[in-house]
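Architecture at a glance
One letter stands for each residue in the lines below.
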Amino acid sequence: MSDLHLTDAELGRPGRSLWKRYKRPKFFIDQSFKRLLTYLQGEAKLVPIELVLNGDIFDFDSVMRLPLHTRFHISWLERKRGLFPEEEKSRFKMEVILADHPIWVSAVREFVRAGNTVVFVIGNHDIELHWPLVQKEVIKSLTLTEEEEKRVRFCEWFYISGGDTAIEHGNQYDDYCVTANPMHPLIKKGKKIVVRLPFGNISGRYMINGMGLFNPHVESSFLMSLPEYFKFFYKYALRVQPWLPLSWLWSSTATFFAALGDGFLPAMRDPLYIEQRVEEIAHKSNASPKVVRMMYELRVHPAIYNPIKIARELWLDRFLLLTFIGFIAFEIYAVVHIMVAISWIWFLVFFILLIPLLFYYSRNIQSEVIESTDHALKQAPLVTQVTQTKRFIFGHTHRELHTFVDQTEVINTGTWSPAFKDPECRESYGKKCFAWIRPEKEGDRTARLYLWKDPHLEEIPVKK
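Residues numbered from 1 in each chain as written. Predicted model: local features only at pLDDT ≥ 70, side-chain atom pairs only at ≥ 80, totals over all residues. Heavy atoms only, no water.

This next bit is on the nonpolar core. The nonpolar side chains of a soluble globular protein tend to be buried with one another. Counting 90 residues, the largest nonpolar core has Phe33, Phe58, Trp104 and Phe120 as its most contacted members. Sequence-distant contacts of Phe58, defined by excluding residues within four places in its chain, comprise Leu6, Met94, Ile97, Leu98, Trp104, Phe120, His125, Asp126, Leu129 and Val138. Trp157, Tyr173, Ala287 and Leu298 belong to the second largest nonpolar core, which has 23 residues in total. (Core = buried A, V, L, I, M, F, W, Y, C linked by side-chain atoms within 4.5 Å. Buried < 20%, exposed > 50% of the residue type's maximum accessible area, 1.4 Å probe, protein only. Contact = heavy atoms within 4.5 Å.)

Laid out in C-alpha cells, this is it:
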C-alpha cells in the first residue's frame, strides 16, 4: 500500500474551523490500518507476511510544528512554512509524526513482533527518510528486539518482491515530483546539508502550508480555472483568509526561486563510495547493481530545468500578464490624458477592457500535473523488463487502478490520505486500497487489488 500521508495533527483555530480541517485527528486512518493488519494476519493463518509501505507513508512537507527548545536555528520562513530538510530537523518532524500516531506505531510494532516483515520504500513526500537518524527514529519508536529490527527495511526508491513484482512509489516518472538523484539525494546549501526536494514538495511547503483551505492530497482542490478561483475566494477565503492573493504571490515566488536554486546544485557524492552505494541499494532492493543503474536511468527530466513550465504551474505567468495589462492601461491613460484632461477612472476603464486578454490566455493554458503523474503507466512495461518481473505496482497518483499495459500487469494502490475535494471535508476522494499478492495452487503468485471497507474487503476488478 502507499500514500498514507501521516503527519502532525491540526487541532483547529478559533474562528477558522475549516483551516486544514483534513489534518484533524478525526480523519486519521490509524485504527482502520490496525484492523486491516489484524485481518490480514488472520487470513494468512500464521504464514509470515511482507508488508511493503510504498512511499509517502509519512508527509514531512505538511508538518508545521516547531520545537519549544532547540539547539538548531529556525529561520522566519521555517516558522511560517515548516522546518527545512536538514537531518536534525527531519528527525524532529519524524518524532512529531510518530507521537501523533501512536495507534499506527503500535500496529506496525505488533505486526513485526508476530514474525512479519515491513519494507519502507521512499516516496517524494517522505524523501527525508533518506536521513539515517530519521530511519533510526522509526526503528526506535517500534521498540523491537535486535532480531526483529532486521525485519524492517528502508529502500531508496524501488523494491523487488518475490522475484516477480517490481514496486516503486512512482514519483520518478513525474517531472514535478521526481527525485533528481535518489542514489545521492543530498545537496549543500551554504554551510547546510539538506535533502534536495522536488518542485512539487517545495510548492506544497511554501504555498499549500500557507493556504490551509486547499487540500494537498487532491489536485482538483487547487488546480482550478480562473473563474473557479474567483468562486472559491468568494465562498471560503474572503472570510477565512482575505489576503490569500498576497499569500499566494510571495509563496509562489519563493517556490520558484527555491526550486531553481536547489535544482541546479550538484548532488553530494564521494567518487570512492559510488560503487559501494550502488551495491547497498541493490542489496536492500533485492536487485543487482546493474538493475539499480538501469532503474536510475528510467527517471524523467525534472521540471525545474524548465523555468517557464514551473512559472506556468505557479500561475506566475498570469500574474506577469496582469501586471503588463495594468502597465499598458496606464500608458493609454497617460497618453490620452496629455491630449485631453480625463479622470483617473478612465485608467480602470482601459484596464477592464484589456482584462479579456488574461481570460483568453488562461483558458488556453492547461496544467500538466495530472498528465505527468500518469507517465508511470507508460513506463510499466520497461520497468518490468529491466527488473525481469511480470508486474509493476506503484502509487503516487492517488487513483486506484488494476489494468494491463502491453500485457504487463499494472496496479496503483490509491491513497489512504485524508483526501477531500471540499474544505468542509465532506466529499472524500480516493479509496483505502492495497494490492495483495498470494501464491496459487500451481505455485505462481497472483495479485489482486482490494478496497478495505473495514471490516471486510471488496475486490476492485481489472480494467480492460
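Here strand 11 (residues 433–439) runs beside strand 12 (residues 445–452); their pairing, made up of seven bridges, is antiparallel. Considered in strand 12, the bridge of Pro439 is made with Arg445. The loop that links strand 11 with its antiparallel partner strand 12 comprises five residues; one of these, Gly443, has a positive phi angle of about 105°. (Pairing = 2+ DSSP bridges. Helix = DSSP H or I, 4+ residues; strand = E, 2+ residues; numbered from the N terminus.)

Of the volumes computed, that of the second largest pocket is approximately 590 Å³. Among the secondary structure elements, those contributing two or more residues to the lining of the second largest pocket are helix 1 (30–44), strand 1 (50–54) and strand 11. Residue contributions to the lining of the second largest pocket peak at six residues, all from strand 11. For the lining of the second largest pocket, the residue count by class is 15 nonpolar, three polar and four charged. (1 Å grid on protein atoms, 1.4 Å probe; cavity = no way out; pocket = protein on both sides within 12 Å on 5 of 7 lines; lining within 4 Å. Points joined across faces, edges and corners; volume = space filled by probe spheres on them. Nonpolar A, V, L, I, M, F, W, Y, C, P; charged D, E, K, R; others polar.)

Another point: the packing of aromatic side chains. Enumeration over the complete set of coordinates arrives at 25 aromatic pairs. When the ring of Phe120 is compared with that of Phe154, the centres are 5.0 Å apart and the planes differ by 10°; the resulting orientation is stacked. Of this pair, Phe120 sits in strand 2 (residues 117–121) while Phe154 is found in strand 3 (residues 152–155), placing the two residues 34 residues apart along the sequence. Overall, Phe120 belongs to the buried group, its relative accessible area being 1%. Consider the rings of Phe232 and Tyr236, whose centres lie 5.1 Å apart with planes at 50°: the pair is tilted. (Phe/Tyr/Trp six-rings, centres within 6.5 Å; stacked < 30°, edge-to-face > 60°.)

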